[in-house]
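Understanding the architecture of this molecule
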There are 2 protein chains.
Amino acid sequence: MKLDTLLKPDSIALIGASRDPEKVGHKIFKNIVDSGYGGSLHPVNPKADEVLGHRAYPSVLEIPGEIDLAVICIPAKAVPSVARECGRKGVKSLVVISAGFSEVGRGGTDLERELVEICREYGMRMQGPNCLGIIDVQSKMNASFASTRPPIGNVAFVSQSGALGSTILNWALQKDVGFTTFVSLGNEADLTAADFIDALAEDDHTRVIALYVEGVKDGKRFLDVASRVTRKKPIIALKAGTTDVGMRAVSSHTGSLAGSDTAFTAAFRRAGIIRVETLEELFNLILAFEGQPLPKSRNVLIVTNGGGPGILAADACEKMDLDLPLLERHLIEDLRKRLPPQASVHNPLDVLGDADENRYRLAMEAGMQSRSVDSMVVVLTPQAMTPVDDIAQAVVEVSDSYDSKPVMAVFMGIDEDSPGLCSIRSRDIPNYLYPEQAALVLNSMCEYTSMLERPQQEREEIEGLDRGSAADILREARDDGRVNLTIVESIRLARAYGIPVPRAAIAKSAQEAGELAEKIGYPVVMKIVSPEIIHKTDLGGVMLDVGSREDVERNYERMTKRIRVAMPDAKIEGMLVQRMYPSGREVIVGAVRDPQFGPLLMFGLGGIYVNFLRDVSYGLSPLTRIQAREMVNATKAYTLLRGVRGEPSSDIDAIVDVMVRLSRLMTDFDEVMEMEINPLFAYEQDCLAVDVRVTISEEKDKEE
Amino acid sequence: MKLDTLLKPDSIALIGASRDPEKVGHKIFKNIVDSGYGGSLHPVNPKADEVLGHRAYPSVLEIPGEIDLAVICIPAKAVPSVARECGRKGVKSLVVISAGFSEVGRGGTDLERELVEICREYGMRMQGPNCLGIIDVQSKMNASFASTRPPIGNVAFVSQSGALGSTILNWALQKDVGFTTFVSLGNEADLTAADFIDALAEDDHTRVIALYVEGVKDGKRFLDVASRVTRKKPIIALKAGTTDVGMRAVSSHTGSLAGSDTAFTAAFRRAGIIRVETLEELFNLILAFEGQPLPKSRNVLIVTNGGGPGILAADACEKMDLDLPLLERHLIEDLRKRLPPQASVHNPLDVLGDADENRYRLAMEAGMQSRSVDSMVVVLTPQAMTPVDDIAQAVVEVSDSYDSKPVMAVFMGIDEDSPGLCSIRSRDIPNYLYPEQAALVLNSMCEYTSMLERPQQEREEIEGLDRGSAADILREARDDGRVNLTIVESIRLARAYGIPVPRAAIAKSAQEAGELAEKIGYPVVMKIVSPEIIHKTDLGGVMLDVGSREDVERNYERMTKRIRVAMPDAKIEGMLVQRMYPSGREVIVGAVRDPQFGPLLMFGLGGIYVNFLRDVSYGLSPLTRIQAREMVNATKAYTLLRGVRGEPSSDIDAIVDVMVRLSRLMTDFDEVMEMEINPLFAYEQDCLAVDVRVTISEEKDKEE
């Protein structure tokens, strides 16, 4: 396993171990001792002979034997020299608890950089600085200043917030959720979330990885690691700082970089990470993923002893797009015989207010035997004679004897410490306070199942890419020091990557315009090309539907004259002559380069609606055809493209092709910062990038 | 107070009181006894001399003295005769626990009707049948079969689901939430939710009314009562059966009618009812409304001892459109002096991980003194040395000394039974497990405040309504036995109510068409009028932009000939000649008649987008201009109407005027079932109802 010397060290030195119970250096040392750590443990404290009965050393260098892990909690300024001593001693890993690094600004950033350089020099890996520490429950090591010891189990928690650590650990204790590892990331100067995820993926005890992040340090590596790991075990992530205000808080509170939330959403989706919106959701999902099998479909059976709660559960399932199928006829008939006549054998299956454990058992067994049902939500409300504990026992037994379908309990208004709920919890059946929580969790499990079932499409071959021409176009613009490509360059760039564009060229004279039009074919559109003129139409700088050479030449003269009168200082570079095509349904395809995750593609409804409807979807590059198709399907524009009111559908494959080509272009050329096609005309057959804009980076590539 | 003999009876007869502890009739009697009920209590049981030490009577008729309330729990079939005895005895109110009425189908419905007639005959009011009973905590009466006794307090709970009753009561116990009254509505054969809300509005102890409903019995009365009551105290409602599946469950599980959810949403908004989506939200809102003052604005101060939790809280506030203003400069400077230098004095205000009660007190006092802050979310995570109980005490004290701003505590991962949380709860400060809950609650409180502040607009005078003409048009169609008005009738109806419509009439001959066109003015649109022809355009039955009398007459002949060839059997009633107007932005204004709540108006984006974008909003009739304007503002179409990309804005006042007039028309004429204007062209000045469709009811009004 990776990071072994950090997560499961054979020997620990605690540098800054203190005898003063108020000090962090004492608390952590005590926690390591109290947790039952079985390796060798050495306090380092030049002012003490012993700490809590362990012989103390003035320096790490004086400890006899090898040291796997040094935990450092001394003032920030002293950390580099101590780290250097650790390096000389041959220490493998560091956990730097001390604060006062990049999170406090300039001076701290320098100190942090020095510290990282020392780690590199000596080949040490470092967690932190500015972290709460690490707990590895399996190896009985609590090297953190949280005194709560979570029970042993299958959940690993990696958190960018130390403050949430204690909340998470207390919650685990309350809900009997067992942990393998708890990691407080701190400033991630060396080891990042990706490194820990990578290591935990190989830990057989860890079944679920939970993550609290505000930003990620290396987007691409994070994506690579997470994409691989989610195929093996679920990663559930709470990303904070999602909103503007939240992001302000991120930058003022931690040294971490908050990524754009859109890119995060796309990245998490791409990596198969299950994203939650709240801490509550995070906890609720952990409960289910940790102990329950994955559902094979979205078909849920609700069992309830009350009409109202059954309706609430049905509403909640419906909102989550879960299905409530009826049972097979023979199961229904069997239940009809064995349940009281007033019971409802539909779905929700209502076993009535006076139901005992036998009725619940009958209902649940029918659900387990049914081929139309793949998960169950068992709702209970305490009524006059409800034998709660016996029913809990029945839930556990049925769940145990058929272990292939997930079961969610919703025992409402029952004391958490009742024997029934304790027994349900001890068998890893999640119990939720409200049916909405169970529905939300089931939906997430279904989405994870779908993700696992989705074929992993390899990067596909795209034909007709003229990389050389594209590079030439870009080089020329950059040699000129321009960041915006001209319309003709933009169209040529798109064409080089096989994106259908209008036939167009720039003419410098009336005669040239006429000749061009003859080559391009009529009708044509003519547009003044001038960097100073933004609103071409207002100034008469655009002519549509020009049908003959004669008209083209006449218009050239007339339009240039008109502009010279209206804007005498405007530099007229010529006239764009472009074939005029019939209009199609207008969509937009664009790409920007996210600093964390690279090219981010966008698809949506185009034209005047793009701004106010914001009907767009996003996906990260490299985009496969399947992913591009999913982006299209995720928009309302999709309904329009399929044809409303019996109109014929548009060529969605052609749009998908444009998206995939644009994605490849962004991947191939780092210098393209933004590229947008708006509108892209969608036709019954084929599509056309009517207007293309390209922005490139100011600096040259390092390679060139 | 209304319903006094039910909620606070001086004497109770329990008909069906049993000596068998397994029977409901025993359980309820015991609950009344155990609850400490102080009035006179008489069991009725022909087979027993006494029940639990109280002398039993064979019939209610033999009990000496007056009886305010009879609680009935005997088999359904025997209920009517017993009710009749109650009537003869002069009993004022009944609570019928017994099931077996309308909820079991036909036979039960007849029995229920009989029961209601008996109540009417003797002037008795009845709760139920098929209910859990009633608890009035103030008068120490638990006449229900729920054995949980909620603490005394300020919350009244009215529930259509008996099964949820025990869940609600247990929750109240766990969270120390005090109740005034708990009512299980049952089938609402006589007394409905509206009756209880009406009564509870007058109860001074009741500060919050909570409601669980699946449908309402009399929509208009419910609206009237609730609209009045919400001005005095908040009503928080959970409406179940919101989705299709949910609604199926409603109809199969209870005798209640599930209203269309859209109408419910509009009705709740109109009545000022705070609608929640889940039981959890319901409980969370009760906690705050019951004990905290209303916030004067959306400006929230977050106080936290951890960065991560602060960000989560900030995210949650932002999502709820709450604002996080900075404190005034003098307060910031004061805090800078008194808090450690690393503390963040922005918002979230981070008092750091080692914060004690004094730092929290400083931060909260600054918030209380600030004029830019009107509520506070106090976040605490337990860290190494966090003195949780002392901080809780500080929260209570600051909150007590400045009682004008609501305070929400979010003490995360703290044991509910810790002294700190107990003291917070006992002062009616809500504590939430997660910051998202506090934000959601604050948002609801702000919305309630806005509702209270919104001027109550009286039904306004609308000029230019020609009620007589409208009535004539409708009468004519109904006399013909038609449910669809012709296009000309529809246009005339709209015009009678002052809605701008195109000039149009039907011609029966080419010459008539020519004469009409001369009157109407050119250009005109001509459309074949034939009930058999749906797709007029496909058959050449529509001509646009006809510019002269000559063309009109020629087109008349040509179009009728073409149709006769294409569809020889189609009856041609003539030709619509309509003035052709320039096209505007297309919106839709429509109305349907909801069976529960009456006319429901719709506004949205029109044209081809109406179907796939579903960008629409709803509001109940009668609609004031303010309400109509709010409906427009709630759509994305509003952004379009205001003008995108610098285009001029449309005449929204004119659209609002059309909405108000359509609303009035629907209110004035019950026989209009649906009326839709699509598209309504919106211009810079004015608007035009280009196409109008009207459907009327099949049966004649009873009045006529």
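The structure presented is a predicted model; accordingly, all values stated were derived computationally and were not measured. (Residues numbered from 1 in each chain as written. Chains lettered and ligands numbered in written order. Predicted model: local features only at pLDDT ≥ 70, side-chain atom pairs only at ≥ 80, totals over all residues.)

Strand pairing in a sheet is mediated by backbone hydrogen bonds. Such pairs are either parallel or antiparallel. Residues and elements named next belong to chain B. Overall, parallel pairing links the four strands, which are arranged β16-β15-β17-β18 in an open sheet. Sheet topology places β16 (349–350) and β18 (407–411) at the edges, where each strand pairs with a single neighbour. The sheet contact formed by strand β17 (residues 375–380) and β18 spans five bridges and is parallel. Its bridge partner lying in β18, V377 is registered against M408. Its contacts with the sheet put helix α11 (residues 307–319) on β15 (300–304), β16, β17 and β18, and the angle it makes with β15 is roughly 160 degrees. Helix-sheet contacts for helix α16 (residues 435–453) involve β15, β17 and β18, and the interaxial angle to β18 is about 165 degrees. (Pairing = 2+ DSSP bridges. Helix = DSSP H or I, 4+ residues; strand = E, 2+ residues; numbered from the N terminus. Contact = placed C-beta atoms within 7 Å. Axes fitted to C-alpha atoms, helices over the stretch in contact; angles between N-to-C directions.)

Okay, the sheet that holds strand β7 (residues 125–127) of chain B next. Residues and elements named next belong to chain B. The strand order across the open sheet built from five strands is β2-β1-β5-β6-β7, with neighbouring strands paired in parallel fashion. The open sheet has two edge strands with one neighbour each: β2 (40–44) and β7. Each strand of the sheet is rotated relative to its neighbour by a mean of 20 degrees, with strand direction disregarded.

What follows deals with the confidence of the model for chain A. Detailed reading of predicted coordinates is not advised where the pLDDT is low. Residues and elements named next belong to chain A. Summing up the model confidence of chain A, the mean pLDDT is 90 and the portion of residues at 70 or higher is 94%. Here residues 244–259 scores under 50 on pLDDT; set against residues more than four positions off or in separate chains, the count is 50 contacts. Interface confidence for the predicted complex, expressed as ipTM, amounts to 0.84; the pTM equals 0.88. (pLDDT = per-residue confidence, 0-100.)

Time to look at the environment of T449 of chain A. Among the structural elements, T449 of chain A can be located in helix α16 (residues 435–453). In this view, T449 of chain A contacts L294 and P295 of chain A; residues no more than four positions away in its chain are not counted.

Another point: the packing of helix α10 (residues 279–291) of chain B against α16 of chain B. Residue and element names in this part refer to chain B. Where α10 contacts α16, the two axes come as close as 10 Å, and the packing angle between them is 65 degrees. Here α10 is positioned roughly perpendicular relative to α16, judged by the angle of their axes. For the pair α10 and α16, the sense of crossing is right-handed. Contact with α10, carried on its side by E281, N284, L285, A288 and F289, involves Q437, L440, V441, S444 and M445 of α16 and no other residues of that element. Looking at the contact of α10 with α16, its residues break down into six nonpolar, three polar and one charged. (Parallel < 35°, antiparallel > 145°, perpendicular 65-115°, else oblique. Left-handed = near helix turned anticlockwise from the far one by under 90°. Nonpolar A, V, L, I, M, F, W, Y, C, P; charged D, E, K, R; others polar.)

This paragraph deals with helix α18 (residues 487–496) of chain B. Residues and elements named next belong to chain B. Counting buried positions along α18 gives seven out of ten residues, so the element sits mostly inside the fold. For α18, the set of buried residues is S490, I491, R492, L493, A494, R495 and A496. Buried residues belonging to α18 abut α17 (467–479), β19 (504–507), β27 (687–689) and β28 (692–696). Just beyond α18, the residue with positive phi is G498, at close to 75 degrees. (Buried ≥ 20, exposed ≤ 12 C-beta atoms within 10 Å, placed from the backbone.)

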